[in-house]
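Remarks on the overall topology
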There are 2 protein chains.
Amino acid sequence: MSSLKHLAQSLGLSITTVSRALDGYSDVAPATRERVRAAAQAIHYQPNSAARSLRRRKAEAVAVTLPTEPGRFGPPTFLNMLAACGHRLAEEGLDLMLLPTAGRVEEMETYRRLLDGRRADAVIVVRTRLDDERVAFLKERGIPFVTHGRTARSDEHAFIDGDGEAGFREAARHLASLGHRRIAHIAAPQDLTFAHLRRRGWLAALEEVGLSDRPECTAQPTEAGGYEAARWLMQQRTPPTALLCATDSMAIGALSALKEKGLMAGRDIAVIGHDNLPAAAFTDPPLSTMEIAAPDVGRQLAEMLIARLGGRDSRELQTILPVRQVPRITHGPVN
Amino acid sequence: MSSLKHLAQSLGLSITTVSRALDGYSDVAPATRERVRAAAQAIHYQPNSAARSLRRRKAEAVAVTLPTEPGRFGPPTFLNMLAACGHRLAEEGLDLMLLPTAGRVEEMETYRRLLDGRRADAVIVVRTRLDDERVAFLKERGIPFVTHGRTARSDEHAFIDGDGEAGFREAARHLASLGHRRIAHIAAPQDLTFAHLRRRGWLAALEEVGLSDRPECTAQPTEAGGYEAARWLMQQRTPPTALLCATDSMAIGALSALKEKGLMAGRDIAVIGHDNLPAAAFTDPPLSTMEIAAPDVGRQLAEMLIARLGGRDSRELQTILPVRQVPRITHGPVN
DNA sequence: ATAGATTCCCAAAACGTTTTGAATAGTCAA
DNA sequence: TTGACTATTCAAAACGTTTTGGGAATCTAT
């Protein structure tokens, strides 16, 4: 027996009235409204979500696809961001759906099924690439979405991102001011927007201060990637005196490679990362890094999504959060 | 216009026939079946999920609640596990819903709304506690669920877990065999089952080899927690010569504390963790640890969930995965 | 030729809501 | 008293599927 029908029957009212009472319509008498509410509470009435979705023509859900290729996914703090986001979404009665996908084609396939089956009202795009087919697809479909990270067409959609470019520019500038002349960049794959922007910040600083030596090496954004990249850079004829790493994970790997060479970071060579992972404060020596200067990126992301669902224009929903330097020990002056 | 209606109309068939054709019923002629399939494919037909759920009386979704109190959530590898799980679930047409919750009461409230609103057919319980109200609630409701980690009533429900107890017993035994006589345990909060079991393994080994010195300290399962615990332990009158840490994160913090004291892990003191985080291979020195000897815990979890939804008895779905030691450098003999 | 099977198809009901349009009763002004 | 209005309530339609219970051909065996 339908719950609403059940409620109505036990109250001697019509389904309509019960429904409207619970939704707070003004055309039901205050007395009945209260009576209905009390009864609903008593039996823990909760509208059947499928029925409601069907009738309202809304899924009341937001989806996020998780690219899991090839190794592990992104920064370890990612789940926190999602949790904060989901928490805010829940306040609006929106569910957060997680759709892991193994490869790019599979990801697009997932999007298609998702939208064709009306399983979500909006989507979150993470790990954005400069040229991102997902963004193109979602724009074409006209479904609200917010990206976590920018793309080459960021002016055309809602996004939230840290200002990695400024962060890396500042860090590289600072290294230069400490006397470093060979400031290397350990980059993440350049199709990823964040990697591209961080590299660009580094590049801009070198240009600015007139350094033409621009050693760099691209690797996977993992400890192993950072380790390999650092090894390679330090084997060059004139090795760098500073390593600006795209992520803390890479920096942690790099630290390990330096240690193997008998180099002490912060004294023999400078190292700076990005993300301020919990582990970064406990490396040896403690890692100088930087972080997005906002405690609640996930929540803000949710807020933007909600605004977007409410019809706000995507051009009003483009947030670039400042990046704050977190100097610790590994970024000392050139010796 | 309804898509199914649309399809039916354009094919000159009834909605019924189209629906049954797509579901592969044998009472539609092979020829029409193919015709329908082709047409469906052409317009990317995908059944409206709300309508299907409503009629089938199944949400076609699995929920996982994420306890996000107080600091960050669990091991950094957790998202991978979820992704693997979601990937397998998707193959069965099941969505994975993420429900972050801030506290215990909120978590129970979330469960209630979830089940009352029929938003999920099954749930995954993570971060299990020895005495877990969530398990009691779900059992009472009779909804299928699988826990990630055991509880005190594990014999009554489906679960998947690593054999942390055996892992820690083996590790402690090994340390003893290397000559260690003061083997400390840096424990995680004991209401968490995994923490309880790991401590129990350590304790069992000490008993086994006749060591009555059992230094220990409980802390949050984070780098900061491990750091504080290690500091405290090393300040005792006769400090331990080995630290068996409940998690790698804690071990990483402990390594940092030891370094501050001028102690070199693997030479002056032994350290062993658990999880084999990617970062564990890149600490200084590389961290000896252990890991669940299965590449696909998430997938297995999904498999169990699917079996449970298929009506399999929960007592046939209780998996304890072996834990494999990953010896690196930090676990050397006593000097 | 005909009863009984078999094959293929369909109309209608149902799932549990929300929404539309209207009915009923009560109130107020003339 | 009547007509217009307001305040409350409700029956029925709709959302897009799946499932039930046939129905109309066609085939098989007598």
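Structure: above.
Residues numbered from 1 in each chain as written. Chains lettered and ligands numbered in written order. Predicted model: local features only at pLDDT ≥ 70, side-chain atom pairs only at ≥ 80, totals over all residues. Heavy atoms only, no water.

Glancing now at the sheet that holds strand β8 (residues 242–245) of chain A. Residue and element names in this part refer to chain A. The parallel open sheet is built from 4 strands, whose spatial order is β7-β6-β8-β9. The two strands at the open ends of the sheet, each matched to only one other strand, are β7 (216–218) and β9 (270–272). Ignoring which end each strand starts from, the neighbouring axes of this sheet average 15 degrees apart. Inspection of the sheet shows strand β6 (residues 183–187) paired to β7 by 3 bridges, in the parallel sense. If you follow His185 over to β7, its bridge partner there is Glu216. Strand contacts of helix α9 (residues 193–209): β6, β7 and β8, with the helix running at about 170 degrees to β6, the strand carrying the most contacts. Seen against the sheet, helix α10 (residues 223–234) touches β6, β7 and β8 and runs at an angle of roughly 150 degrees to β6. (Pairing = 2+ DSSP bridges. Helix = DSSP H or I, 4+ residues; strand = E, 2+ residues; numbered from the N terminus. Axes fitted to C-alpha atoms, helices over the stretch in contact; angles between N-to-C directions. Contact = heavy atoms within 4.5 Å.)

Take the protein's contact with DNA strand D next. Around DNA strand D, a shell composed of 27 residues is seen, among which A:Thr16, A:Asp27, A:Arg57, B:Ser19 and B:Arg55 lie nearest. Interatomic distance of 2.9 Å between a side-chain N/O atom of B:Tyr45 and a sugar or linking oxygen of DNA strand D. Within the side chain of B:Arg52, one N or O atom sits 3.4 Å away from a phosphate oxygen of DNA strand D. Counting residues per element, the ones that place at least two in the surface near DNA strand D are α2 (15–22) and α4 (49–56) of chain A together with α1 (3–11), α2 (15–22) and α4 (49–56) of chain B. (Near = heavy atom within 4 Å. Polar contact = N/O pair within 3.5 Å; in protein donor to acceptor, adjacent residues only side chain to side chain.)

For the rest of this paragraph, the subject is the relation of the copies chain A and chain B. With an axial shift of 0.1 Å and an RMSD of 0.2 Å, the rotation relating chain A to chain B amounts to 180 degrees. Overall, the copies show the geometry of a two-fold rotation axis. Comparing contact sets, 100% of the residues at the interface of chain A also lie at the interface in chain B, consistent with an isologous, same-surface contact. (Least-squares fit on C-alpha atoms with pLDDT ≥ 70 in both.)

Attention now moves to empty space enclosed by the protein. All told, the structure shown has 1 cavity of 30 Å³ or more when counted by the stated rule. Estimated volume of the largest cavity: approximately 180 Å³. Lining the largest cavity are 16 residues, and of these A:Phe282, A:Thr283, A:Asp284, B:Thr283 and B:Asp284 lie nearest its centre. Sorting the residues of the lining of the largest cavity by element identifies α11 (248–260) of chain A together with α11 (248–260) of chain B as the ones contributing at least two each. Residues belonging to the lining of the largest cavity are distributed by class as follows: 8 nonpolar, 4 polar and 4 charged. (1 Å grid on protein atoms, 1.4 Å probe; cavity = no way out; pocket = protein on both sides within 12 Å on 5 of 7 lines; lining within 4 Å. Points joined across faces, edges and corners; volume = space filled by probe spheres on them. Nonpolar A, V, L, I, M, F, W, Y, C, P; charged D, E, K, R; others polar.)

All names here are of chain A. As a packed pair, helix α5 (residues 78–91) and helix α12 (residues 297–309) sit with axes 7 Å apart at the nearest point and diverge in direction by 40 degrees. Compared by their axis directions, α5 and α12 come out oblique. Taken as a pair, α5 and α12 cross one another with a handedness that is right-handed. Contacts between α5 and α12 pair Met81, Ala84, Cys85, Arg88, Leu89 and Glu91 from the former with Val297, Gly298, Arg299, Leu301, Ala302, Glu303 and Ile306 from the latter. Looking at side-chain class alone, the contact of α5 with α12 contains 8 nonpolar, 1 polar and 4 charged residues. (Parallel < 35°, antiparallel > 145°, perpendicular 65-115°, else oblique. Left-handed = near helix turned anticlockwise from the far one by under 90°.)

This part covers the nonpolar core. Buried together is how nonpolar side chains tend to be arranged in soluble globular proteins. Core analysis: the largest hydrophobic core is formed by 58 residues, its most contacted members being A:Ile124 and B:Ile124. The contacts of B:Ile124, once residues within four sequence positions are left out, are B:Val62, B:Ala63, B:Val64, B:Thr65, B:Cys85, B:Leu96, B:Tyr111, B:Val146, B:Leu301 and B:Leu305. A:Ala59, A:Ala61, B:Ala120 and B:Val135 belong to the second-largest nonpolar core, a separate cluster that totals 34 residues. (Core = buried A, V, L, I, M, F, W, Y, C linked by side-chain atoms within 4.5 Å. Buried < 20%, exposed > 50% of the residue type's maximum accessible area, 1.4 Å probe, protein only.)

Residue and element names in this part refer to chain B. Enumeration over the complete set of coordinates arrives at 0 disulfides over all chains. Among the cysteines around Cys217, which has no disulfide bond, Cys245 carries the closest sulfur, lying 10 Å off. When its relative accessible area of 15% is taken as the criterion, Cys217 is described as buried. (Disulfide = S-S within 2.5 Å.)

Moving on to the packing of α2(B) against helix α3 (residues 30–42) of chain B. Residues and elements named next belong to chain B. Packing of α2 against α3 leaves a shortest axis separation of 9 Å and a crossing angle of 85 degrees. The angle between α2 and α3 places the two elements in the roughly perpendicular class. In this structure, α2 contributes Val18, Ala21 and Leu22 to the contact, and α3 contributes Arg33, Val36, Arg37 and Ala40.

Once that is clear, we can look at the protein's contact with DNA strand C. Neighbouring DNA strand C are 27 residues; A:Leu4, A:Ser19, A:Arg55, B:Thr16 and B:Arg57 lie closest to it. By atom count, sugar and phosphate contribute 62% of the portion of DNA strand C lying within 4 Å of the protein. In the model, a sugar or linking oxygen of DNA strand C is placed 2.9 Å from a nitrogen or oxygen of the A:Tyr45 side chain. Here a base nitrogen of DNA strand C sits 3.3 Å away from a polar atom, N or O, in the side chain of B:Asp27. Looking at the surface near DNA strand C, the elements with two or more residues in it are α1 (3–11), α2 and α4 of chain A together with α2 and α4 of chain B. For the surface near DNA strand C, the residue count by class is 10 nonpolar, 10 polar and 7 charged.

All right, on to the interface of chain A and chain B then. Taken together, the contacts link 47 residues of chain A with 47 residues of chain B. Taken over both partners, the interface formed by chain A and chain B buries close to 4000 Å², and the fraction arising from carbon and sulfur atoms is 67%. On inspection of chain A and its partner chain B, the count reaches 4 salt bridges. Close ionic contact of A:Asp95 with B:Arg119 constitutes a salt bridge, the shortest N to O distance being 2.8 Å. (Buried area = accessible area lost by both parts, 1.4 Å probe. Salt bridge = Lys/Arg side-chain N within 4 Å of Asp/Glu carboxyl O.)

Examined against the element boundaries, A:Glu107 turns out to sit in helix α6 (residues 104–116). Apart from the residues lying within four places of it in its own chain, the contact partners of A:Glu107 are A:Thr65, A:Pro67, A:Thr101, A:Arg129 and A:Arg134.

Of all 7 residues that make up strand β2 (residues 95–101) of chain A, 7 are buried, and the element is covered over most of its length. Here β2(A) shows no split at all, with A:Asp95, A:Met97, A:Leu99 and A:Thr101 on one side and A:Leu96, A:Leu98 and A:Pro100 on the other all buried. By the bridge criterion, 7 bridges tie strand β1 (residues 61–67) of chain A to β2(A) in an arrangement that is parallel. Looking across to β2(A), one finds that A:Pro67 is bridged to A:Thr101. Two elements, β2(A) and strand β2 (residues 95–101) of chain B, share 3 bridges in a ladder whose sense is antiparallel. Bridging from a neighbouring strand, A:Met97 pairs with B:Met97 of β2(B).

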